[in-house]
Amino acid sequence: MSYYFKSTDTLGKRIRKIRILKGWTQKELAEKVNLSQSGIYQLESDKCQQTRRIVALSKVLGVQPEELDPFERLPTINKKRSERFNLLQQVFPDWQEIIPISELQI
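Residues numbered from 1 in each chain as written. Predicted model: local features only at pLDDT ≥ 70, side-chain atom pairs only at ≥ 80, totals over all residues. Heavy atoms only, no water.

### Considerations on the packing of aromatic side chains
Applying the stated criterion to the full structure yields zero aromatic pairs. Over the aromatic face of tryptophan 24 sits the side chain of lysine 32, whose NZ or CZ is 4.7 Å from the ring centroid. (Phe/Tyr/Trp six-rings, centres within 6.5 Å; stacked < 30°, edge-to-face > 60°. Lys NZ or Arg CZ within 6 Å of the ring centre and 35° of its normal.)

### As for helix α1 (residues 11-22)
Here α1 contains twelve residues, and its C-alpha end-to-end distance of 17 Å stays within 8% of the 16 Å for a straight helix at 1.5 Å per residue. Residues of α1 that are buried: Leu11, Gly12, Arg14, Ile15, Ile18 and Arg19. The buried residues of α1 occupy an angular sector of 165° when projected down its axis, which confines them to one face. Exposed side of α1, more than 90 degrees from the buried face: Lys13 and Leu21 are the residues found there. (Helix = DSSP H or I, 4+ residues; strand = E, 2+ residues; numbered from the N terminus. Expected span 1.5 Å × (residues − 1). Buried < 20%, exposed > 50% of the residue type's maximum accessible area, 1.4 Å probe, protein only. Arc of directions from axis to C-beta.)

### Brief notes about the nonpolar core
Counting residues in each nonpolar core, the largest one holds 20 residues, and the members touching the most others are Ile15, Ile18, Leu29, Val33, Leu57, Leu61 and Leu68. Elements supplying a minimum of two residues to this core: α1, α2 (26-33), α3 (37-44) and α4 (54-61). Counting residues per element, this core draws most heavily on α4, at five residues. (Core = buried A, V, L, I, M, F, W, Y, C linked by side-chain atoms within 4.5 Å.)

What follows is the structure, given as structure tokens:
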């Protein structure tokens, strides 16, 4: 599924928009990404720019990390992590059933 984002949409707005379209509460998203509900609230309200969670968030939300980060603040290491996630997904399409995101060292 692709999502329409305005060029002015912040990281928080993009996360919130996808979460709402999926019908998830902040608590449900937090559980899927192994964050607290207040952590999701802070991300959605742009009080926190926790880029180390963007890769995990993007996988759970079903988008590329670059789609979530409108201003390309992703450090190079996160782009490498994204490539590893994509490789993992190709080799093990059902990897989420085998390895919980919270246990991945990415």
